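# Remarks on the overall topology
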Amino acid sequence: MTDDAADFDIHAVRIAKAVADAGSLTGAAKLLGYSQPAISQQVRRLEARLGLPIVERVGRRVRLTQAGRVLARHAPAVTTALDAAAGELAALRGLRAATVRLVGFPSATPTILPRVLARIAEAEPGITVTYVEAEPPEAVAAVREDRADIALTFAYPGDRADPHRESARGLAVRRVGRDDLLVVLPAGHPAAGGAVVDAAALADENWIAGCPRCRGHLLELCERAGFTPRIGFETDNVVAVEGLVAQGIGVAMLPSLGVASFPVLPGVVTRRLPRGEERAIHLVTARGAERIPAVAAVLAMLERAVAESTAAATKETAAATKSTAAAN
């Protein structure tokens, strides 16, 4: 070990991370459970050991210097490694009490999450799972910034804004399932006669789409079909989408988990798009996080719940399509 390596410890890294998160010494003190004078004294001692300032004042606030940012940048990897070691030691002692912080996309909340929580309560009662709903870019950022242990995310094929590329660099990303994309149509729509709908058949329709960031795959799908969708309404609310479709306002595209998250409204039918039109479901963690027993247990349950939830959604779609065809 070099002399420089001996000049700071895990506590120094935690201090730098807390200052970065809170933006002030007072806020950092609250995060770490110290008084403001105590944290100020620890910062001064750390700076003396390093021979470098780690904070600087900007008006009434403080911010990290370059040295402080170096420490803060390594904080998630360092704390994950320590948590992994602590988890393995706890497992050797037969202790499984732990908290796992999970972030997931909205349509996973009513479909995948309940299965995971039920299994944890039954098989691993010592594990507590906290949950925050967030879209993939924010979920990946939460893992990177050590605000979450696991992110449950999705990505569309060819998505130029896929958060699993540059923003997930240095993190562990693994694909654990797929979620079919469905066309949502008014009952009796001419294109609803078969089980599969080609997007080209809907070129003259009004479309109901999600927010500009969320409609990328719809635009790409329609471009491949040879047209630009005429988007007249914008909402990410699945119930609102179905309500508009039921009234004949337009057509839409939704993932099967989104459709399964709420009973399909009367006057609405769903049909599959051609094979391959799907979104991939991923689990994102810090590298090495799977060595933490509690995190590993939740990862395994998530992977199983994803498989079950997407299979159930696909089965429901097939049954609904068959029922509609029989009625016609």
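Preceding this section is the structure that the text describes.
Every value quoted in this text rests on a predicted model; they were computed, and no experiment measured them.

Helix and strand counts for the protein chain stand at ten helices and eleven strands. The burial tally for the protein chain puts 44% of its 328 residues in the buried class. Looking at the protein chain alone, contacts between residues at least 24 apart form 74% of all its contacts between residues at least 6 apart. Carbon and sulfur atoms provide 54% of the accessible area of the protein chain, an area that totals close to 16700 Å².

What follows covers the packing of aromatic side chains. Tallying each qualifying case throughout the model produces two aromatic pairs. A ring pair is formed by Phe-105 and Phe-154, whose centres lie 5.2 Å apart and whose planes are at 90 degrees; its orientation type is edge-to-face. Here the residue Phe-105 occupies a position in the loop between β3 (98–104) and α5 (113–123), and Phe-154 occupies one in strand β5 (residues 150–155), the gap between them amounting to 49 residues. Look at Phe-154 and you get buried, because its relative accessible area is 12%. Here the aromatic rings of Phe-154 and Tyr-156 are separated by 5.6 Å at their centres, their planes lie at 70 degrees, and the arrangement is edge-to-face. You can call Tyr-156 buried: its relative accessible area is 14%. Through pairs of rings, three or more aromatic residues link up here, namely Phe-105, Phe-154 and Tyr-156. Over the ring of Phe-154 we find Arg-279, and its NZ or CZ is 4.3 Å from the ring centre.

Before going further, it helps to spend a moment on the nonpolar core. Ranked by internal contacts, the top residues of the largest apolar core, which has 49 residues, are Ile-112, Ile-150, Leu-152, Leu-185 and Leu-302. Top contributing element to this core by residue count: helix α10 (residues 293–327), with ten residues. If we skip the residues at most four places from it in the chain, Leu-302 touches Leu-102, Ile-112, Val-116, Ile-150, Leu-152 and Leu-283. With 20 residues, the next largest nonpolar core counts Val-13, Val-19, Leu-25 and Val-55 among its residues.

A side chain of one charge can pair with a side chain of the opposite charge if their charged atoms are brought near each other. Under the definition given, this model contains 16 salt bridges. Ionic pairing is found between Arg-224 and Glu-277, a salt bridge with its closest N-O pair at 2.9 Å. Taken as a pair, Arg-224 in helix α7 (residues 216–224) and Glu-277 in the loop between β10 (268–272) and β11 (278–286) lie far apart in primary sequence, 53 residues in all. In this structure Arg-224 comes out as partly exposed when scored by relative accessible area, which is 49%. When its relative accessible area of 10% is taken as the criterion, Glu-277 is described as buried.

Turning next to the packing of helix α1 (residues 10–22) against helix α2 (residues 25–32). At a closest axis distance of 8 Å, the pairing of α1 and α2 adopts a crossing angle of 120 degrees. Between α1 and α2, the interaxial angle falls into the category oblique. In this structure, α1 crosses over α2, and the sense of that crossing is right-handed. Across the interface between the two elements, Arg-14, Ile-15, Ala-18, Val-19, Asp-21 and Ala-22 from α1 touch Leu-25, Gly-27, Ala-28, Leu-31 and Leu-32 from α2. Looking at the contact of α1 with α2 residue by residue, the class counts come to eight nonpolar, one polar and two charged.

Turning our attention to the packing of α2 against helix α3 (residues 36–50). Relative orientation of the contacting elements α2 and α3 amounts to 100 degrees, with a least axis distance of 8 Å. Compared by their axis directions, α2 and α3 come out roughly perpendicular. Side by side, α2 and α3 meet where Leu-25, Thr-26, Ala-29 and Leu-32 of the first sit next to Gln-36, Ile-39, Ser-40 and Val-43 of the second. Of the residues assigned to the contact of α2 with α3, the class counts are five nonpolar, three polar and no charged.

Basis of the calculations
- Residues numbered from 1 in each chain as written.
- Predicted model: local features only at pLDDT ≥ 70, side-chain atom pairs only at ≥ 80, totals over all residues.
- Heavy atoms only, no water.
- Helix = DSSP H or I, 4+ residues; strand = E, 2+ residues; numbered from the N terminus.
- Buried < 20%, exposed > 50% of the residue type's maximum accessible area, 1.4 Å probe, protein only.
- Contact = heavy atoms within 4.5 Å.
- Areas by Shrake-Rupley, 256 points an atom, 1.4 Å probe, with all protein chains shown as cover.
- Phe/Tyr/Trp six-rings, centres within 6.5 Å; stacked < 30°, edge-to-face > 60°.
- Lys NZ or Arg CZ within 6 Å of the ring centre and 35° of its normal.
- Core = buried A, V, L, I, M, F, W, Y, C linked by side-chain atoms within 4.5 Å.
- Salt bridge = Lys/Arg side-chain N within 4 Å of Asp/Glu carboxyl O.
- Axes fitted to C-alpha atoms, helices over the stretch in contact; angles between N-to-C directions.
- Parallel < 35°, antiparallel > 145°, perpendicular 65-115°, else oblique.
- Left-handed = near helix turned anticlockwise from the far one by under 90°.
- Nonpolar A, V, L, I, M, F, W, Y, C, P; charged D, E, K, R; others polar.

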